[in-house]
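# Working through the structure, step by step
Given next are the chains, with one letter for each unit.
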Amino acid sequence: MLKDKNILLGVTGGIAAYKSPSIVSLLKKQGANVKVVMTDAACEFVTPLTFQTMSNKPVHVEMFNQLMNMDVEHISLAKWADVIVVAPCTANTIGKFANGICDNLLTTVLMASRSKIIIAPAMNTFMLNNKFNQENIKKLEELGVVVLDTQKDLLACNDVGAGKMLEPEEIVQAIDYELTEKDLRGKKFIITSGPTIEELDPVRYLTNHSSGKMGYALAREAKKRGATVTLISGPTSIEPPKVDEFVRIKSTQDMFNAVESRFNSVDVLIKAAAPADFKPKIYSEEKIKKTKSEDFNSIELEQNIDIAKHFGKIKGNKIVVGFAAESNDEINYGKGKLKAKNFDLIVVNNITKEGAGFKSDTNIASIIDKDENVESLNSMSKNDLANEILNRIRRLLQAR
Ligand SMILES: Cc1cc2nc3c(=O)[nH]c(=O)nc-3n(C[C@H](O)[C@H](O)[C@H](O)COP(=O)(O)O)c2cc1C
């Protein structure tokens, strides 16, 4: 989503300036164009050469030696930027910006800008909580500036408290969020993700290789696009995205119950989970002992409820999207599953292909619609695939 976006990074004179080159690096990795403006105080902490090297562009510091280019720099930079991010943003720059002072290149660009502005404050806790600073922040928020939170931690000045700048990854996520069109605003989604586990005894269980990555990517991207998202997830080892409601479950029956109690109020159900199809017929309250293993050389299984099929059948005008992970003949299996479970779309992939399937960060999928049109997509990140799927869901929602 940040590809080809013009991002102007303002760096001011706080100790957290040492982290700002990482922001440039993360933005560049996502395909953004980055220019950097530094205050004189920022140059005391990190050299312009560092940012010049990271951004592959000259760094802007001076107000008055730019006319050599026949270009009024503070105006052209302000016009160029899709978004201006000041990270770190000192109490001094917050104060100047909130009070219309423009006595250096950065504050003048801020004054000339009509783009979205995000600031990432970074300062000592007492400075952060200072009444003037708090009033300045409030004023900026009222003017539409996005003021990011700070972290509570041990600060460079050895005080413990709020004021530490958010991490570069979080700042980049905030930029991405602000630049993403909110085309799913007002729509409610349930997304199921990950495996489920079926317990055999207090120690052992049956499960599968699902990592939850695809469902988490869908939840993250849907949230970014303005949807209200409930993410229902089986056990995973990855960090869940920030969503409206996160529900952790264990078994397929738990997942069914969690969907059922919320299904009526949603517009879209995406079944990206891999619920266990079978469960042990008998659960042993006590750990099955090794010595008795001759008695347990087979496990009797019974079928679990088919969650996707159940909600596909009763969906009314809700959109239900399913997934099929197959090891062969995936398109035909996918078409059969789409019909049998009354999905609006099915996303199929062949888990034996390199770069596809459970644990991978990429996927190679085909999307099949109700008319059995098959769109085969190239290998792409699970985030990009999530957006491809959401684009198709948005079209279906518009056509409802
Ligand atoms: C070692 C050191 C660390 C500083 N760290 C911060 C900081 O984290 N946040 C802040 O608001 N000011 C900090 N300051 C004070 C600013 O550098 C000072 O207010 C300066 O005028 C800011 O200028 P600028 O906003 O134009 O960059 C620090 C100063 C020094 C000497």
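With an unreviewed UniProt entry as reference, the protein is termed Coenzyme A biosynthesis bifunctional protein CoaBC, source organism Anaerosphaera multitolerans.

## Here we look at the UniProt feature "active site" (unreviewed entry) in the protein
The sites that carry the UniProt feature "active site" (unreviewed entry) are, in the present numbering, Cys 157. With respect to the helices and strands, Cys 157 occurs in the loop between β6 (151-154) and β7 (160-164).

## A short note on helix α10 (residues 213-224)
In this model α10 runs 16 Å from its N-terminal to its C-terminal C-alpha over twelve residues, within 8% of the 16 Å that 1.5 Å per residue would give. When we look at burial in α10, the residues that qualify are Met 214, Gly 215, Tyr 216, Ala 217, Leu 218, Ala 219, Glu 221, Ala 222 and Lys 224. Positive phi shows up at Gly 226, right after α10, with a value of about 100°.

## Regarding the pairing of strand β3 (residues 83-89)
By the criterion of burial, β3 is predominantly enclosed, with seven of the seven residues buried. By the alternation rule, side chains of β3 split into Val 83, Val 85, Ala 87 and Cys 89 and Ile 84, Val 86 and Pro 88, which are all buried. Judged from the four bridges that link them, strand β1 (residues 6-11) and β3 form a sheet pairing that is parallel. Bridge assignment links Leu 9 to a residue of β3, and that residue is Val 85. Across five bridges, β3 lies against strand β4 (residues 116-121) in parallel orientation. In the sheet register, Val 86 faces β4, and the bridge partner there is Ile 119.

What counts, and where the lines are drawn
Residues numbered from 1 in each chain as written. Predicted model: local features only at pLDDT ≥ 70, side-chain atom pairs only at ≥ 80, totals over all residues. Heavy atoms only, no water. UniProt positions renumbered as here; feature names shortened; annotations may be inferred. Helix = DSSP H or I, 4+ residues; strand = E, 2+ residues; numbered from the N terminus. Expected span 1.5 Å × (residues − 1). Buried < 20%, exposed > 50% of the residue type's maximum accessible area, 1.4 Å probe, protein only. Pairing = 2+ DSSP bridges.

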